[in-house]
Amino acid sequence: MEDKKFILIEEAIKKGKGKVSVRGWVYRERGSNEFKFIILRDASDIIQCVLERKKFERQWKEIDKIQIETSLKITGEIKKDKRAPTGYEINVDEIEIVGKSENFPIQKTLNEELLGDRRHLWLRSRKMNSILKIRSTVIGALHEYFRSKGFYEFQSPIIIPGGAEEGPTLFEVNYFGRKMYLTQTWQLYAEAAMYSLEKIYCVAPSFRAEKSKTNRHLAEYWHTEMEVAWADLDELMDYAEEMIKHVIKRVLEKNRKELEILKRDIKKLEPSLKKKFPRIRYDDVLKILKNKGINVPWGKDLRTIEEEKFMEDYDTPVFVTNYPKEIMAFYKPRDPKNPKTALCFDLLAPENNHEIIGGSVRETNIEELKKSLKKKGEKIEDYFYYLDIHSYGAIPHGGFGLGTERLIKWICGLDDIKDAIAFPRTISRWRP
Ligand code: ATP
Ligand code: MG
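What counts and what doesn't
- Sequence order as written defines the numbering, with residues in each chain counted from 1.
- Key to labels: chains lettered from A, ligands numbered from 1, both in the order written.
- For a predicted model such as this one, the threshold for reporting local features is a pLDDT of at least 70, and the threshold for listing and counting side-chain atom pairs is 80 or more; totals across whole chains, interfaces and linings nevertheless cover every residue.
- The basis for the side-chain values is all heavy atoms of the structure; hydrogens and waters are excluded.
- Exposure classes here rest on a 1.4 Å probe applied to the protein chains alone. A residue is buried below 20% of its type maximum, exposed above 50%, and partly exposed in between.
- Strands here are runs of E lasting at least two residues and helices are runs of H or I lasting at least four, both read from the DSSP assignment and numbered beginning at the N terminus.
- The arc in question is formed by the directions pointing from the helix axis toward the C-beta atoms.
- Whether two residues touch is decided by their heavy atoms; if any such pair falls within 4.5 Å, the residues are in contact.
- By convention in these notes, a residue is near a molecule or strand provided one of its non-hydrogen atoms lies within 4 Å of it.
- Pairing of N or O atoms within 3.5 Å defines a polar contact, subject to two protein rules: one partner must be a possible hydrogen donor and the other a possible acceptor, and residues neighboring in sequence count only if both atoms are side-chain atoms.
- Working definition of accessibility: Shrake-Rupley area with a 1.4 Å probe, residue cover restricted to the visible protein chains.
- Three residue categories are used. Nonpolar comprises Ala, Val, Leu, Ile, Met, Phe, Trp, Tyr, Cys and Pro, charged comprises Asp, Glu, Lys and Arg, and polar comprises the others, including Gly.
- A pair of strands counts as paired when DSSP detects no fewer than two bridges linking them.

Draft legend 1. Representation of helix H11 (residues 304-311). Taken together, the buried positions of H11 are occupied by Glu-306, Glu-307, Phe-310 and Met-311. Along H11, the residues classed as buried sweep out an arc of 125 degrees about the axis, all on the same side. Its buried side turned inward, H11 meets strand E12 (279-281), helix H10 (282-291), strand E13 (318-321), strand E16 (344-349) and strand E17 (354-361).

If you want it as structure tokens, here you go:
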């Protein structure tokens, strides 16, 4: 089989007629005495291939034994066939078996645990292939968005000396005999860099030792963060909304086929492109919940069930702003117009996807920062550099963090965040 120009299955289907050479893996197969039907897959698509015994008498013994995931090179005539899974079929003239495969361990549907154990093989499924393509579009679109807006990509350290506030969810690292931790956010370093670059972003891993099992928490996730000089809360929300719209637009442009394979109802995403995302204060969320018969005492964070009840009226993400200052991280400043609340927001996604972004303006008043740190039982000296960066030419600024897998989960319509990443890490899933 020398001198063949191999093309992707997708390209072969586009061509639609004539001789084609494709290569890939057996996705499904069935045989009779006279024929072997092979559904071949490559990165791009699947196609039905038919081998007639009378053409392959000499090779038949070998062909008859072909099993799922055997790798093949095939040349033949492609033509339309309504009965074939992707509408086309190749009548094979030549076949070369490249790599054998026997008893591929994923044949019929396995339960979630077993699929998790065989994740390294399950990545070949059409479901994972489609999700990973959409993930690639999402991450590409995030970079594209920030760069188009004049942001610099900035990296912060992954191993950090620690912040006690997040103590229970920090992963420890043995750092030359010293206790250090895996980062949960780039923020404190980003603020230092903001004073140099003004507009920065990153897409990088964050680590959280989440002990409770939910369908939206990973122990290792990709955190898309941004920090911007001179911004107020409304500007931050403008960026967040524009970024989400840009990502959805790109996915709808590039991944219609994948969304279809995932049986994702695209109509559920369209409102988020067209409509402005509502901006509602925490106080007003409590009022809305009260009208639905749910009483949340002022000062309490919203629980899963309360967020779901509140979000049932919306088909786009909603910004919830001005959460109570007392339950917020120390760096979120008071809103001067409503001092019991902080200048912060969460962006909640529809279809029970909950918080996908958390953001805020940052406190720069050193005395206020010290007060908040003390109240939270922190040691001021652990934060010397953070106080230092705001001691020289402080300016208003802010930023946000997006859970990239939470966005992918929503866009793909997944039940569990574990499927938004190739090799998930949770309290109970740590291999392969
Ligand atoms: P949650 O209340 O859902 O635990 P959080 O308030 O701890 O979220 P932030 O610290 O604001 O989240 O982090 C910013 C964003 O990172 C969140 O809006 C969310 O999208 C994402 N995120 C947070 N924790 C996780 C996690 N364990 N796995 C995946 N994404 C996460
Ligand atoms: Mg959390």
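Draft legend 2. Inspection of the site of ligand 1 at higher detail. As a structural note, the neighbourhood of ligand 1 is formed by 15 residues, with Arg-208, His-217, Leu-218, Glu-355 and Ile-356 the closest of them. For ligand 1, an oxygen atom lies 2.7 Å from a polar atom in the side chain of His-217. Residue Tyr-221 places a side-chain N or O atom 3.1 Å away from an oxygen atom belonging to ligand 1. Relative to its unbound accessible area of 580 Å², ligand 1 is 77% covered by the protein chains. Looking at the shell around ligand 1, the elements that each hand over two or more residues are strand E11 (220-229), E17 and strand E18 (397-403). When the residues that make up the shell around ligand 1 are grouped by side-chain class, the tally is five nonpolar, five polar and five charged.

Draft legend 3. Examining the side chain of Asn-255 more closely. Within the element layout of this structure, Asn-255 appears in the loop between helix H7 (233-254) and helix H8 (256-261). By relative accessible area, which is 4% here, Asn-255 ends up buried. Reaching out from Asn-255, the side chain makes a polar contact with the side chain of Thr-137 at a distance of 2.7 Å.

Draft legend 4. Up close: the pairing of strand E3 (residues 46-52). Among the seven residues in E3, seven count as buried, and that is most of the element. Sheet topology note: the strand E2 (residues 35-41)/E3 ladder contains seven bridges and is antiparallel. Pairing of Phe-37 across the sheet is with Val-50, part of E3. Connecting E2 to the next strand, E3, in antiparallel fashion are four residues. Pairing between E3 and strand E5 (residues 88-99): three bridges, direction parallel. Paired with Cys-49 across the strands is Ile-90, a residue of E5.

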